[in-house]
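Survey of secondary and tertiary structure
Chain by chain, the residues:
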Amino acid sequence: MPKEIHPYEVLRRPIVTEKSTLLAGVRQYVFEVAIGANKPQIKAAVEQAFNVTVKAVNVQVVRGKVRRIGRNIGQRPDWKKAIVTILPGQKIEFFEGV
């Protein structure tokens, strides 16, 4: 059973890129979420934070890049991305005007 995460700790930040802005036109919004969050937790967090009804949640783990500076080799941390689809007629005001 997954560990319970508080809804305000599930959503880390919105992802605002050219591609995610185009997705907002079809009612899909992109967030960086906690690595241990699952789909029901993400759905509950978005519904509670933005007062919308979520239709679907798609998630993917983005692997961190290997970075090298001189002889030192490191790796950026892995992170999880969630693409949230909401019902027609609703929108998240946070992304408007970006």
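Keep in mind that what you see is a predicted model, and the values were worked out from it rather than measured. (Residues numbered from 1 in each chain as written. Predicted model: local features only at pLDDT ≥ 70, side-chain atom pairs only at ≥ 80, totals over all residues. Heavy atoms only, no water.)

**Quick word on the overall build of the chain**
For the chain, the helix and strand inventory stands at 3 helices and 6 strands. For the C-alpha atoms alone, the extent of the chain along its principal axes is close to 55 × 35 × 20 Å. Here the chain holds 98 residues, and the buried ones make up 29% of them. In the chain, once contacts between residues fewer than 6 apart in sequence are set aside, the share between residues at least 24 apart is 60%. If you sum the accessible surface of the chain, you get close to 7000 Å²; carbon and sulfur atoms cover 52% of it. Positive and negative charge centroids in the chain, built from 17 and 8 side chains respectively, lie 10 Å apart. (Helix = DSSP H or I, 4+ residues; strand = E, 2+ residues; numbered from the N terminus. Buried < 20%, exposed > 50% of the residue type's maximum accessible area, 1.4 Å probe, protein only. Contact = heavy atoms within 4.5 Å. Areas by Shrake-Rupley, 256 points an atom, 1.4 Å probe, with all protein chains shown as cover. Lys, Arg positive; Asp, Glu negative; His and termini not counted. Charge placed at Lys NZ, Arg CZ, Asp CG, Glu CD.)

**Brief notes about helix 3 (residues 39-50)**
Taking 1.5 Å of rise per residue, 12 residues should cover 16 Å, and helix 3 covers 16 Å from first to last C-alpha, within 8% of that figure. Residues Q41, I42, A45 and V46 constitute the buried set of helix 3. The arc that holds the buried residues of helix 3, viewed along the axis, is 130 degrees, so those residues lie on one side. Of the residues that open helix 3, the one with a side-chain oxygen 3.1 Å from the backbone nitrogen of Q41 is N38. (Expected span 1.5 Å × (residues − 1). Arc of directions from axis to C-beta. Polar contact = N/O pair within 3.5 Å; in protein donor to acceptor, adjacent residues only side chain to side chain.)

**Some remarks on the pattern of salt bridges**
Under the definition given, this model contains 2 salt bridges. Across the pair R13 and E32 runs a salt bridge, and its minimum N-O distance is 2.6 Å. Here E32 lies in strand 2 (residues 28-33) and R13 lies in strand 1 (residues 11-14), a separation of 19 residues in the sequence. Taking the relative accessible area as the measure of exposure, E32 reaches 15% and is therefore buried. Among the ionic pairs, R63 bridges to D78, the shortest N-O distance being 3.4 Å. Residue R63 is found in the loop between strand 3 (54-62) and strand 4 (66-69), and its partner D78 is found in the loop between strand 5 (72-75) and strand 6 (79-86); the two are separated by 15 residues along the sequence. You can call D78 partly exposed: its relative accessible area is 35%. (Salt bridge = Lys/Arg side-chain N within 4 Å of Asp/Glu carboxyl O.)

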